[in-house]
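Okay, here's what each chain looks like letter by letter:
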Amino acid sequence: MSTRTPIIIPVITVDGPSGCGKGTLSVFLAKQLGWHLLDSGALYRALSLAAKSHSVELDNYSALEVLGTYLDIRFEFDETSHKIHAVLEGQDVTQELRTESCGSDASKIAAIPGVRKALFERQRAFLELPGLIADGRDMGTVIFPEAQLKIFLEADPAIRAKRRFNQLQEMGVNANLDDLFLEISQRDRRDRERLVSPLVPAEGAIIIDSSNLTIDEVVSQGMLLVSRVFPDLMANLKTKSGWLERI
Ligand code: C5P
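The rules behind each value
Residues numbered from 1 in each chain as written. Predicted model: local features only at pLDDT ≥ 70, side-chain atom pairs only at ≥ 80, totals over all residues. Heavy atoms only, no water. Salt bridge = Lys/Arg side-chain N within 4 Å of Asp/Glu carboxyl O. Buried < 20%, exposed > 50% of the residue type's maximum accessible area, 1.4 Å probe, protein only. Helix = DSSP H or I, 4+ residues; strand = E, 2+ residues; numbered from the N terminus. Axes fitted to C-alpha atoms, helices over the stretch in contact; angles between N-to-C directions. Parallel < 35°, antiparallel > 145°, perpendicular 65-115°, else oblique. Left-handed = near helix turned anticlockwise from the far one by under 90°. Contact = heavy atoms within 4.5 Å. Near = heavy atom within 4 Å. Polar contact = N/O pair within 3.5 Å; in protein donor to acceptor, adjacent residues only side chain to side chain. Areas by Shrake-Rupley, 256 points an atom, 1.4 Å probe, with all protein chains shown as cover. Nonpolar A, V, L, I, M, F, W, Y, C, P; charged D, E, K, R; others polar. Phe/Tyr/Trp six-rings, centres within 6.5 Å; stacked < 30°, edge-to-face > 60°. Pairing = 2+ DSSP bridges.

1. Quick word on the pattern of salt bridges
Next, step 1: In this structure the tally under the stated criterion is 12 salt bridges.
Next, step 2: Of the charged contacts, one joins Arg74 and Glu76 as a salt bridge, the two residues approaching to 2.8 Å between their closest N and O atoms.
Next, step 3: Relative accessible area serves as the criterion here: at 40%, Arg74 is assigned to the partly exposed category.
Next, step 4: The salt bridge involving Arg124 is made with Glu146; its shortest N-O contact spans 2.9 Å. Here Glu146 lies in the loop between α7 (139-143) and β7 (149-154) and Arg124 lies in helix α6 (residues 113-124), a separation of 22 residues in the sequence.
Next, step 5: Within this structure, Glu154, Arg160, Asp188 and Arg192 form a network of salt bridges that share partners.

2. Digging into the packing of helix α1 (residues 22-33) against helix α10 (residues 215-229)
Next, step 1: Interhelical geometry of α1 versus α10 gives an angle of 50 degrees and a closest axis separation of 10 Å. Classified by the interaxial angle, the pair formed by α1 and α10 is oblique. The handedness of the crossing between α1 and α10 comes out as right-handed. In this structure, α1 uses Thr24, Leu25, Phe28, Leu29, Gln32 and Leu33 to contact α10, whose residues at the interface are Ile215, Val218, Val219, Gly222, Met223 and Val226.

3. Some words on the site of the ligand
Next, step 1: Near the ligand you find 17 residues, and of these Arg45, Arg116, Arg187, Asp191 and Arg194 are the closest.
Next, step 2: A distance of 2.8 Å is found between an oxygen atom of the ligand and a side-chain nitrogen or oxygen belonging to Arg187.
Next, step 3: Within the side chain of Arg194, an N or O atom sits 2.8 Å from an oxygen atom of the ligand.
Next, step 4: For the ligand, the accessible surface in isolation is 450 Å², of which the surrounding protein chains cover 97%.
Next, step 5: At the level of elements, α2 (40-53), α5 (100-109) and α9 (177-193) are the ones that each hand at least two residues to the shell around the ligand.
Next, step 6: Split by residue class, the shell around the ligand holds 4 nonpolar, 4 polar and 9 charged.

4. Let's talk about the packing of aromatic side chains
Next, step 1: For the structure shown, the criterion picks out 1 aromatic pair.
Next, step 2: Relative to Phe230, the ring of Trp35 has its centre 5.5 Å away and its plane inclined at 85 degrees; by these criteria the two rings are edge-to-face. A residue pair is termed long-range when its members are at least 10 positions apart, and Trp35 in the loop between α1 and β2 (36-39) and Phe230 in the loop between α10 and α11 (243-246) qualify at 195 residues.

5. Overview of the packing of helix α8 (residues 157-170) against α9
Next, step 1: Their axes nearest at 9 Å, the elements α8 and α9 cross at an angle of 125 degrees. When the interaxial angle is binned, α8 and α9 end up oblique. Here α8 runs over α9; the crossing is right-handed. Residues Pro157, Ala158, Arg160, Ala161, Lys162, Arg164, Phe165 and Leu168 of α8 pack against Leu177, Leu180, Phe181, Ile184, Asp188 and Arg192 of α9.
Next, step 2: Partitioning the contact of α8 with α9 into residue classes produces 9 nonpolar, no polar and 5 charged.

6. A word on the sheet that holds strand β4 (residues 83-88)
Next, step 1: Taken in spatial order, the 3 strands make up an open sheet running β3-β4-β5, and their pairing is antiparallel. In the strand order of this sheet, the two ends are held by β3 (73-78) and β5 (91-92), each with one partner.
Next, step 2: Here β3 runs beside β4; their pairing, made up of 6 bridges, is antiparallel. Pairing of Glu76 across the sheet is with His85, part of β4.
Next, step 3: Contacts between α2 and the sheet are confined to β3 and β4, with β3 contributing the most and set at about 120 degrees to the helix.

Okay, here's the thing in C-alpha cells:
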C-alpha cells in the first residue's frame, strides 16, 4: 500500500486593522514570491455592495447569509494597468469598493456569524500552489490557522487616519481628518469587540507596529520574516532590489 505525502501549500497571513500597511505589504509579498493573494476585506466589502444593490438591509441576517453564499464576485488582473479589478455580478466595482462607507458597511455585516460562515470556504479556496498571502482580520486565527508565518500589523489610529487622509487627498477626494479618525475608531471597535472572529493577533503571530515606519520599512521587515521562515524561497525572488540591501 502506497502512502502519499499530503501537499502542504505555504501560506502567510497578514492581519491587522485598516491603514497600517497590510494591503501594501500583502501585494508586495505576493508579487515578490509569485504567490496568490486573498484580499478578504474585499469579499466583505463586495457583499455590502451586493446587499445595497439588492435592497437588503444590513440587519437582515438571513438574507445577507444567502447573498454571501451565492456572492458573484471575481477578481481580474488587468494587464494594462497591472491592477486587480473587482467584478461584482458582471460590474466593475473596484472604485466603489474602496469608499469609506463601503468599509463601514462591510464591518457591520462582518460581525454576523452566518455571513462569516458563508464566506469561509470561499476564502479557503484561495489556497493554491505555489502559495498564498492572505490579508484580513482573522486570517491567522480562523481561516488559515495552519499558516507557517503569521504577521500582525498595528498602528496608532491617529496616524492611520492621517495616512488615509493623505491618500484621499492624493486621489483628489475631499475628506475631513476628524471624521476619518472617528470612522476608523468605530470600525476598530466593531472589529475588535465582535463575538465571532474578533480582530486579535493569532497565537505565534509576529507583531509589527508601523506607526513610525515608512512603507519601505514595513516591507523590509516583512521580507526579513519571510527569509527566516522560508529561506529556500529567497533564491528565486522576482526582484532583489531595495529591501535586500537594507536587511
Ligand atoms: O480590510 P478592509 O478594510 O477592506 O475590510 C473591511 C471590513 O471587512 C473590516 O473593517 C472588517 O470589519 C471586515 N473584515 C473582516 N474579516 C476579514 C477582512 C475584513 O471582518 N478577514
